[in-house]
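# Remarks on the overall topology
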Amino acid sequence: MHNAASVSASLGSIGLLRLFGVSWTWSLAAGLGVYLGTRSWKYFYVAARTARRDLNGLYVLLRVKLALWRYMRSGTNIPSIFAQTAKRHPNKPALIYEATGETWTFAQLDELSNAVAHWARGQGWVSGDVVAVFMESRPLQVALWLGLAKVGVEAALINFNLRHDSLLHCVGVSGSRAIVFGAELADAMSEVSSSITQSMVRFCTGDLSAEHMASLAALPLDPILASASRHPTSPCVPPKGMNDRLFYIYTSGTTGLPKAAIVVHSRYYRIAAFGYFAFRMRSDDIIYDCLPLYHSAGNIMGVGQCLIHGLTVVVKKKFSASRFWEDCIKYNCTVVQYIGEICRYLLSQPVVWEAFTERFRVAQIGEFYGATECNCSIANMDGKVGACGFNSRILPNVYPIRLVRVDEDSMELIRDSRGLCVPCRPGEPGLLVGRINQQDPLRRFDGYANQDATRKKIAHNVFKQNDSAYLSGYVEGKAGMAAIADATGSFDCNGFLQKVQRALPPYARPVFLRISPNVDTTGTFKIQKTRLQREGYDPRLTTDQIYFLNTRSARYEAIDEELYNAIAEGRMSL
């Protein structure tokens with residue numbers, strides 16, 4: 001630890017001196033003096049290899065932190081930052097809706113969000129109230145949550161794939177006083193309409209017959225907004241600052257019901273700003289955003305570049321691999337936003353990075369890892385192939401995150417003799433954690449609307465005694481398998497699929513089923529998941545019957561060796 005502290009102090013002094021305009025010569029001399037004064041050369045090789053990357057990361061970190069500090073001191077929030085952006089670029093395209101070709105300038109987006117704010121205030125909603133927004137991606141969705149935020153009302157951005165119980169849960173857990181839904185989701189609303197409390201006001205946007213709207217007890221929103229004032233509203237009371245709630249974004253719900261993650265104004269700024277500075281975007285860039293606006297990737301990392309930095313964003317209703325490049329060319333896009341799976345869809349092969357950049361002549365790829373609510377986001381700023389981020393070995397305390405060891409069976413944290421978590425060695429898999437500091441906007445954890453869910457994501461005595469840390473707990477990009485105990489042999493795959501299709505969005509439905517006469521448990525009655533994970537869907541490793549969800553035929557099919565090989569070789573798509 002003494003060696004790490006020595007190099008950290010040395011490079012930290014270099015970075016700070018350069019930040020304040022001191023020449024490289026004097027900065028390096030000062031850094032070397034600090035280093036020699038601590039009598040350690042053990043980390044010199046590591047420092048030489050990673051100093052440029054880490055100092056660049058430090059520069060981005062300090063730039064975002066200083067901006068947040070200024071905004072917090074001045075009482076600024078996201079709507080007021082957008083107001084400054086719109087004032088600088090009133091006639092510049094802000095959002096382009098790919099489905100219709102419609103272009104919204106910054107002035108038009110500002111005016112429509114003002115109309116939303118007047119409508120919200122006319123409903124009697126006050127600062128801290130919540131309104132659910134349930135629609136497919138479109139610029140209006142941005143105007144809605146932005147306009148609500150102007151009067152302190154918080155939007156709950158509902159995943160448009162949800163149905164039945166999951167949909168009702170998300171509306172209910174947010175405590176929404178009203179819901180705005182798109183006409184394209186009227187059928188989904190019809191399925192839950194009788195279960196939604198009558199006190200919840202309902203508004204519909206889009207083309208829907210008067211009879212259908214009446215059956216849903218909904219009011220048409222479009223004419224209301226068309227007649228509302230376009231002038232700014234008076235400030236909300238009490239005023240909202242950077243650490244107050246902006247809106248809710250839900251977790252995916254692949255391992256249970258979705259949780260409503262709290263997004264405060266500083267978190268929105270931080271996510272967007274890190275992307276902008278870390279990946280060297282420019283104000284004249286045009287972003288192709290084909291990710292859903294109910295999630296942070298599309299709505300913060302994507303649309304946030306428009307609201308905060310004045311970039312033009314092309315909003316895609318739904319991702320289409322066949323139209324992807326055609327859209328990018330049509331709108332002169334210079335930046336495309338993606339999740340890892342999108343590259344595989346475009347390239348149709350599992351190993352993507354180098355092949356993707358070569359085939360499509362991509363000049364720069366910037367990848368990052370993070371969750372909407374996490375305080376331990378990481379980013380690949382130097383184009384290291386295959387990396388989604390880094391943890392500084394020479395400046396570890398500037399951004400205190402760590403990979404720690406966990407028990408693979410129970411996923412419980414492994415602790416040393418002092419009761420602290422055990423750090424992973426380089427190259428060793430583990431759980432990413434971030435030390436919590438509620439006074440620091442980069443390290444705070446705001447949690448979820450449900451306090452029990454919040455407590456489950458916090459561990460104590462992680463880095464040192466009496467501290468607290470956020471537990472990431474994420475598993476990415478794997479097809480789910482449900483292991484089902486069926487002692488009688490009467491399990492009905494078709495009936496199961498019908499119920500799953502009604503209750504779960506496509507991404508949450510199990511791709512594989514494993515039917516066993518019983519489920520093996522440990523001595524403490526916990527399911528032995530490790531063996532099931534190791535055996536996977538290979539029929540040669542078990543006598544249990546394994547089924548595969550064939551989406552083309554819309555049914556579960558028993559896996560034999562031929563089908564197993566087709567899946568393993570990529571001839572059968574998941």
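Calculation criteria
- Residues numbered from 1 in each chain as written.
- Predicted model: local features only at pLDDT ≥ 70, side-chain atom pairs only at ≥ 80, totals over all residues.
- Heavy atoms only, no water.
- Helix = DSSP H or I, 4+ residues; strand = E, 2+ residues; numbered from the N terminus.
- Buried < 20%, exposed > 50% of the residue type's maximum accessible area, 1.4 Å probe, protein only.
- Contact = heavy atoms within 4.5 Å.
- Areas by Shrake-Rupley, 256 points an atom, 1.4 Å probe, with all protein chains shown as cover.
- Salt bridge = Lys/Arg side-chain N within 4 Å of Asp/Glu carboxyl O.
- Expected span 1.5 Å × (residues − 1).
- Bend = angle between axes of the 7 residues up to and from the residue.
- Pairing = 2+ DSSP bridges.
- Axes fitted to C-alpha atoms, helices over the stretch in contact; angles between N-to-C directions.
- Phe/Tyr/Trp six-rings, centres within 6.5 Å; stacked < 30°, edge-to-face > 60°.
- Core = buried A, V, L, I, M, F, W, Y, C linked by side-chain atoms within 4.5 Å.
- pLDDT = per-residue confidence, 0-100.
- Polar contact = N/O pair within 3.5 Å; in protein donor to acceptor, adjacent residues only side chain to side chain.
- Parallel < 35°, antiparallel > 145°, perpendicular 65-115°, else oblique.
- Left-handed = near helix turned anticlockwise from the far one by under 90°.
- Nonpolar A, V, L, I, M, F, W, Y, C, P; charged D, E, K, R; others polar.

### Details of the overall build of the protein
Of regular secondary structure, the protein possesses 19 helices and 22 strands. Here the protein holds 574 residues, and 50% of them are scored as buried. In the protein, of all internal contacts separated by at least 6 residues, the share reaching a separation of at least 24 is 67%. Roughly 28100 Å² of accessible area belongs to the protein as shown, and the carbon and sulfur atoms make up 53% of that amount.

### A closer look at the pattern of salt bridges
Evaluated as defined, the whole model comprises 24 salt bridges. One salt bridge connects Arg323 with Glu98, and the closest N-O pair in it is separated by 3.4 Å. One end of the pair, Arg323, is in the loop between strand S11 (312-315) and helix H13 (324-330); the other, Glu98, is in the loop between strand S1 (93-97) and strand S2 (102-105), and 225 residues separate them in sequence. For the salt bridge of Arg323 with Glu326, the shortest nitrogen-to-oxygen distance reads 3.6 Å. Look at Arg323 and you get partly exposed, because its relative accessible area is 30%. Because the salt bridges share partners, they merge into one network encompassing Glu98, Lys316, Arg323, Glu326 and Asp327.

### Thoughts on the environment of Tyr71
Checked against the element boundaries, Tyr71 lands in helix H3 (residues 44-74). The sequence separation of Tyr71 and Met242 amounts to 171 residues, and the corresponding C-alpha distance is 7.3 Å. With residues near it in sequence (within four places) discarded, Tyr71 still touches Thr76, Ile81, Met242 and Tyr269.

### Observations concerning helix H12 (residues 296-309)
If you check H12, its first and last C-alpha atoms are just 17 Å apart, much less than what 14 residues at 1.5 Å a residue would give, namely 20 Å. Along its length, H12 reaches its greatest deviation from straightness, about 40 degrees, at Val303. Of all 14 residues that make up H12, 14 are buried, and the element is covered over most of its length. One or two steps after H12, the chain reaches Gly310, where phi turns positive at roughly 80 degrees.

### Observations regarding the sheet that holds strand S21 (residues 545-550)
Here we have four strands laid out as an open sheet, ordered S19-S20-S21-S22, and mixed in their pairing. Looking at the sheet topology across the chains shown, the edges are occupied by strand S19 (481-485) and strand S22 (555-558). Here the strands of the sheet are splayed against their neighbours by 25 degrees on average, with no regard to which way each runs. The pairing of S21 with S22 spans four bridges and is classified as antiparallel. Within the sheet, the bridge partner assigned to Leu549 lies in S22 and is Tyr556.

### Observations concerning the packing of aromatic side chains
In this description, a pair of aromatic rings is defined by centroid distance and the angle of the planes. Applying the stated criterion to the full structure yields 19 aromatic pairs. For the pair Trp145 and Phe247, a centre-to-centre distance of 4.9 Å together with 85 degrees between the ring planes defines the contact as edge-to-face. Here Trp145 is found in helix H6 (residues 139-150), whereas its partner Phe247 is found in strand S8 (residues 245-250), with 102 residues between them in sequence. Across the pair, exposure class does not vary: Trp145 and Phe247 are buried alike. Ring centres 5.2 Å apart and planes at 85 degrees place the aromatic pair Tyr276 and Phe277 in the edge-to-face group. By relative accessible area, Tyr276 is classed as buried at 13%.

### Brief notes about unusual backbone geometry
Following Val237, the chain continues to Pro238 via a peptide bond in cis, the omega torsion being -5 degrees. Position of Pro238 among the secondary structure elements: in the loop between helix H10 (222-227) and S8. Here the phi dihedral of Ala217 falls at roughly 55 degrees; this positive angle occurs in a residue that is not glycine. In this structure, Ala217 sits in the loop between helix H9 (210-215) and strand S7 (218-220). Residues other than glycine seldom take positive phi values, yet Asn466 does so here, at roughly 70 degrees. The residue Asn466 is located in the loop between strand S17 (458-460) and strand S18 (468-471) in this model.

### Here we look at the nonpolar core
Formed by 119 residues in total, the largest nonpolar core has its most connected members in Trp119, Phe134, Trp145, Phe247, Tyr268, Tyr269 and Leu307. Top element by residues in this core is helix H11 (residues 265-278). It accounts for nine residues. If we skip the residues at most four places from it in the chain, Tyr269 touches Val64, Ala67, Leu68, Tyr71, Ile78, Ile81, Met242, Phe277 and Ile308. By size, the runner-up hydrophobic cluster in this structure holds 10 residues, among which are Val404, Cys421, Ala459 and Ala469.

### Things to note about the confidence of the model for the protein
Confidence in the prediction of the protein, expressed as mean pLDDT, is 86, and 87% of residues score 70 or more. For the protein, the element scoring lowest by mean pLDDT is helix H2 (residues 24-37), at 59; H6 scores highest, at 98.

### Regarding the side chain of Ser296
Relative to the elements of secondary structure, Ser296 occurs in helix H12. Within the local environment of Ser296, its side chain forms a polar contact with the side chain of Thr372, the two groups lying 2.8 Å apart. Other than its neighbours up to four places away in sequence, Ser296 contacts Ile249, Met301 and Thr372.

### Remarks on the packing of helix H5 (residues 106-122) against H6
At a minimum axis separation of 7 Å, H5 and H6 run at an interaxial angle of 55 degrees. Classified by the angle their axes make, H5 and H6 are oblique. Judged by the sense of rotation from one axis to the other, the crossing of H5 with H6 is right-handed. Note on element contacts: H6 touches H5 through Leu140, Ala143, Leu144, Leu146, Gly147, Leu148 and Lys150, opposite Leu109, Asp110, Leu112, Ser113, Asn114, Val116, Ala117, Trp119 and Ala120. Of the residues assigned to the contact of H5 with H6, the class counts are 11 nonpolar, three polar and two charged.

### Things to note about the side chain of Asn550
Looking at the element boundaries, Asn550 is found in strand S21. In this structure Asn550 comes out as buried when scored by relative accessible area, which is 9%. For Asn550, the side chain forms a polar contact with the side chain of Glu557, separated by 3.1 Å. Once residues lying within four places of it in the same chain are set aside, the contact partners of Asn550 are Arg555, Glu557 and Met572.

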